[in-house]
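Each chain, written out:
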Amino acid sequence: MGPDDPPAPIAEPRPAPARSNRDKTMSMREAVASFVRDGDTVALEGFTHLIPTAAGHEIIRQGRRGLTVVRMTADIVVDQMLAAGCVAKLVSSFVGNSSAGSLGELRRRIERADPEPLTFEEYSHHGMLCRYLAGAQRLPFYPLRSYAGSDLPAVNPALRKVTSPYPGPDGRPEQVYVVPPVNPDVTIVHAQRADRRGNTQVWGLTGVQAEAVYAARTAVVVVEELVDDDVVRSDPNRTLVPAHAVDAVVVCPRGAHPSFAQGYYDRDNAFYRAWSHISKDPARLQAWLDEWVHGTRDHAEYVARLGEQRRSELAVGEALSVPVNYGRRL
Amino acid sequence: MGPDDPPAPIAEPRPAPARSNRDKTMSMREAVASFVRDGDTVALEGFTHLIPTAAGHEIIRQGRRGLTVVRMTADIVVDQMLAAGCVAKLVSSFVGNSSAGSLGELRRRIERADPEPLTFEEYSHHGMLCRYLAGAQRLPFYPLRSYAGSDLPAVNPALRKVTSPYPGPDGRPEQVYVVPPVNPDVTIVHAQRADRRGNTQVWGLTGVQAEAVYAARTAVVVVEELVDDDVVRSDPNRTLVPAHAVDAVVVCPRGAHPSFAQGYYDRDNAFYRAWSHISKDPARLQAWLDEWVHGTRDHAEYVARLGEQRRSELAVGEALSVPVNYGRRL
Amino acid sequence: MTSSELLAAVAARELAGRHTVFAGIGLPTLAASLAHLTVAPDLEIVYESGVCGAHPSHLPETIADSVLITGAEAVLPMASLFGYVLQGGHIDVGFLGAAQIDKWGNLNSSAIGDWHRPDVRLPGSGGALEVMANAREVFVVMRRHTPRSFTEQLDFCTSPGPDRALAEGVRPLGAGVTRVITDLGVLARAGAGEELQLAAVHPGVTVDEVRAATGWDLKAADRVGTVEPPTAAELRLLREHIDPHRVYLR
Amino acid sequence: MTSSELLAAVAARELAGRHTVFAGIGLPTLAASLAHLTVAPDLEIVYESGVCGAHPSHLPETIADSVLITGAEAVLPMASLFGYVLQGGHIDVGFLGAAQIDKWGNLNSSAIGDWHRPDVRLPGSGGALEVMANAREVFVVMRRHTPRSFTEQLDFCTSPGPDRALAEGVRPLGAGVTRVITDLGVLARAGAGEELQLAAVHPGVTVDEVRAATGWDLKAADRVGTVEPPTAAELRLLREHIDPHRVYLR
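Residues numbered from 1 in each chain as written. Chains lettered and ligands numbered in written order. Predicted model: local features only at pLDDT ≥ 70, side-chain atom pairs only at ≥ 80, totals over all residues. Heavy atoms only, no water.

Caption draft 1: Summary view of the sheet that holds strand 7 (residues 142-144) of chain B. Residues and elements named next belong to chain B. On the basis of which strands lie adjacent, the open sheet formed by three strands has the order 7-9-8 and antiparallel pairing. At either margin of the open sheet sits one strand with a lone partner, and together these are strand 7 and strand 8 (160-167). Pairwise comparison of adjacent strand axes, ignoring direction, gives a mean angle of 50° for this sheet. On top of the sheet, helix 5 (residues 125-136) reaches strand 7 and strand 9 (173-179); it is set at about 155° to strand 7, its chief contact. (Pairing = 2+ DSSP bridges. Helix = DSSP H or I, 4+ residues; strand = E, 2+ residues; numbered from the N terminus. Axes fitted to C-alpha atoms, helices over the stretch in contact; angles between N-to-C directions. Contact = heavy atoms within 4.5 Å.)

Caption draft 2: Broad picture of the interface of chain D and chain A. In this assembly, 45 residues from chain D lie in contact with 51 residues from chain A. Remark: the boundary between chain D and chain A carries four salt bridges. Across the salt bridge formed by D:Glu61 and A:Arg273, the nearest N and O atoms sit 3.4 Å from each other. Where chain D meets chain A, there are 28 residue pairs in polar contact (both at pLDDT 80 or more). (Salt bridge = Lys/Arg side-chain N within 4 Å of Asp/Glu carboxyl O. Polar contact = N/O pair within 3.5 Å; in protein donor to acceptor, adjacent residues only side chain to side chain.)

Caption draft 3: Just the sheet that holds strand 7 (residues 142-144) of chain A, in detail. All names here are of chain A. Taken in spatial order, the three strands make up an open sheet running 7-9-8, and their pairing is antiparallel. The open sheet has two free edges, formed respectively by strand 7 and strand 8 (160-163), since each of these has just one partner strand. On average, each strand axis in the sheet is tilted by 50° relative to the strand beside it, whichever way the strands run. As defined by bridge partners, strand 7 adjoins strand 9 (residues 175-179) across three bridges and the pair is classed as antiparallel. Following the sheet pairing, Leu 144 is matched in strand 9 by Tyr 177. Against the sheet, helix 5 (residues 125-136) engages strand 7 and strand 9, with an angle of about 155° to strand 7.

Caption draft 4: Geometry of helix 11 (residues 299-313) of chain B. All names here are of chain B. The largest bend in helix 11 comes to about 90°, at Gly 307. Residues of helix 11 that are buried include every one of His 299, Tyr 302, Val 303, Leu 306 and Arg 311, and no others. Those residues of helix 11 hidden inside the fold are in contact with helix 2 (53-61) and helix 10 (282-294). Of the residues flanking the start of helix 11, the one acting as N-cap is Asp 298, its side-chain oxygen 3.2 Å from the backbone nitrogen of Ala 300. (Bend = angle between axes of the 7 residues up to and from the residue. Buried < 20%, exposed > 50% of the residue type's maximum accessible area, 1.4 Å probe, protein only.)

Caption draft 5: View of the interface of chain B and chain A. Taken together, the contact between chain B and chain A spans 54 residues of the former and 53 residues of the latter. Taken together, the two surfaces of chain B and chain A that pack against each other cover about 5300 Å², and 56% of this comes from carbon and sulfur. Put simply, chain B and chain A have four salt bridges between them. A:Asp266 is the salt-bridge partner of B:Arg329, the closest N and O atoms lying 2.9 Å from each other. Summed over the shared surface of chain B and chain A, the number is 39 residue pairs in polar contact (both at pLDDT 80 or more). (Buried area = accessible area lost by both parts, 1.4 Å probe.)

Caption draft 6: Focus on the packing of helix 10 (residues 282-294) of chain A against helix 11 (residues 299-313) of chain A. Residue and element names in this part refer to chain A. Helix 11 packs onto helix 10 with a crossing angle of 95° between their chain directions and a minimal axis gap of 7 Å. Comparing the axis directions of helix 10 and helix 11 gives the class roughly perpendicular. Of the residues in helix 11, those touching helix 10 at Trp 288, Glu 291 and Trp 292 are Tyr 302, Arg 305, Leu 306 and Arg 310. Residue composition of the contact of helix 10 with helix 11, grouped by class: four nonpolar, no polar and three charged. (Parallel < 35°, antiparallel > 145°, perpendicular 65-115°, else oblique. Nonpolar A, V, L, I, M, F, W, Y, C, P; charged D, E, K, R; others polar.)

Caption draft 7: Seen up close, the domain arrangement of chain A. Residue and element names in this part refer to chain A. According to the domain assignment, chain A consists of domain 1 (28-124 + 182-311) and domain 2 (141-179). Taken over C-alpha atoms, the centre of domain 1 sits 32 Å from the centre of domain 2. Residue-level contacts link four residues of domain 1 with six residues of domain 2. The three residues of domain 1 that bury the most area against domain 2 are Glu 122, Tyr 123 and Ser 124, which together make up 89% of that side's buried surface. (Domains from an automatic or database assignment.)

As structure tokens, this is what we get:
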């Protein structure tokens, strides 16, 4: 996006659609077919932890086109979706392969428009967080104490300023930067567990998942396991996203690989390092997609292909939380 | 506050003072003596659950004067502090004795300036929440979608409007109400448990405690029990307030009575009902203060005076959370 | 049959097919609980204290009763509850009470008399202002229908309906008050630009009695219905399952 | 002794007496861990992923490594971490890296060349822009001190120091970059209005060498010191306790 382009039109913040408390479980294939359409704005969130990789792969398998992907840390799964031709625009605050290297396809798209241009809207992490906060709260903008003096507002006209109606520290009018809301057509997040109605529990890094789900018009939650209502209700503070904000629950063990799920499996750091090499060579990257995404029917096949050895290398031991007492009326 | 008064000056949002990670435990007497000064703005938070009653009583015992009390639900403990002459100004969004009746002293102060006037700054719940959110985030204001058409802005000039720099749903400029930050001199909250350095864990209703603590220049956490570091660290997502935001940890069992502490003791609904009668009669109210606050050396004496029978009526049974696995590297 | 039983049963029927209700304690809790067992099996009950999907073991006495927490589906921080759930537009119906209501469904819960030196200081907004601005619809339950509470002119407007907000140039998310359920009958309006009209009376109540009890010139619908009294099944659920100790069914 | 050991030891000493440090992975983690064991026993290490007070069982490989979570004192949602902890003013020192830095401590981590069609697209801000605006001080660790990275003119300013912010009328909370620790020595500045100056060189490095490796006309302090090499105790802690598998001590 250039400095002379008009800002992206800000969609009217529609209220969330009425949702039923029914059983919302479905397959990944069905969820992507139902909720991700060509041209949609799709938020995929999970900060290093619980990255919804399997959902990204299913979007590739179903051949979606022209997507606007919103993701704070555009990493491997975004590079894969770019290489598969799904993405026309990226909204992000970090475009790199963690600390393990580069994203080959993303760099080719941005540096050389190879094989085609990519519209890129750049923010800082807090800017992205504030866009989700505004979206989740149906606010016209969200203020933050960043961006003054940065070159980012010159290349991203969505970054604007507001004058505070209260006097500043020196008694004079005070200006503050603001960002516009983001309201994705669909947000997809990965989590450890949910009940069939979508009450979703997450521990370890919780990132921006709650805000991304509440900002969205529809939301898909992918979980390591489906649990009984009683498990969720034994610890209601652990519920990051209540059922009323969720449209689909997809059970997909190891769906975050090569990312991790705290307490379930660890991060596949070797694959992160390998990706810098795979993605550097377009042919090798396409071969990887052919083998691991187009060449698998679903994520269960992908996981099977990882093999027992690799899965066991990522196994974790036990470190249980000390239970708390919610109390019971006597 | 009248419509012609200037708004309260907005203090420069000072950065929080540097704090040490040392052992911060101290007695309630010491904490109030150290952190609550005459004329201070004091936030007491806890939404029905975990009300910091014992701290309010110690403020009364130490005879603080001219306080500005900030509390979303001004209820029994505020009525007691008013009756004890501690409070010059109240900032609140609900001034009532829960659903159990009235606050006698508060009504006399507001309706008849009896025995002296009370400056009252009125908000809605979301308005108060947003003031804490702005304060915690060092923002000059916080926007919200309320107040248009209400008479509250006419009696509270702190409620102002900002024009969004993005076009509204109809393409035209859009206005939104904002509230100013609140940065209390001290925030006091009650919680179930903390470690000696102030990592504070809360379950059940968590209210606005985190925001109120982060908005404050200093913060005192009162807990039902002090626990080993290992207990806190077994479940880091349960930590509502990290050590860096806390200046003092006070161990004070049953410090929330007549409010409750989820999993520790239940609400004393009989006392809530009784308060409407006690507070209706100024003499009876002063006698209550003499007996239960001035006449007790500390909260342990207050609890002893409640008696075994009353304490056992408020006992709760066990409903333990199902532990989660945080995982351990193998 | 008590007046509370009648009001709870009527309010419950109005929740048919709704998904989320923002309930206060008392009659709204009874109505939501009854609806959950009858016409709205999917209903998620949300409390401003942060509780979503409460499954209380006992009838709650406050919106923060410990029995609402234990066994709930989620407990959110209040900033999330007001910011994401309510302002985000996830509430179908919010229940509110008030000391005064006018024909446009504006509410006063702050003060009787002059706000600066009131005859009676009332509790104030709590979350009412936000429920009015953000819920799709608001139901008001009033135990006593009198000209003082159904007034031509509020002493103070705490929670404005959409007409007052529109006059300030703001279109709120919801329709404001769409139902007022009282001891005399049911008033209704569809949304902005409409006055509350008498839609139905309780058995034995006349239209003129309701108009006499209303402080403004109350219009009546073309055909004012008669409220169907609670069924035996509704009464049994209320008395035996929902409030067996008669905390609110007084 | 490797260059990494030197940089980590020097950075650790600069953390003496600090309470909270916002650390990235790699050298900042090593420096913060060493400081915690030596000059800053109270130090709380905060990561942008939401972790406060990490006590990792193994050396973390990312800012979100599972070993940072298990046993931590607190894990916050990112909105709280960036809003309350960082923007709220609770961070004493933030560590940042960059592809380019100028004499005022402004940083580029977005692009080399024209942002719209860059020669090299870099990862971008992440949280760097906010660390710069909100931490009391920022330390920059650069493994290679070259004229291309220490530049007169940034290709793009991602994270501005206070001078650029002040030019836009905004006074940020912190002082911006106060220390730059490189393979040649240490640059320092006190805050707004000051250029980075050469404060110390590593043993065997001359002032002229550092000036030659800097893309602007680097001023030197009146008395340029010589960096004290890591002590045996510091090296032992780094090698035996903090990074025994030599993940970062390469």
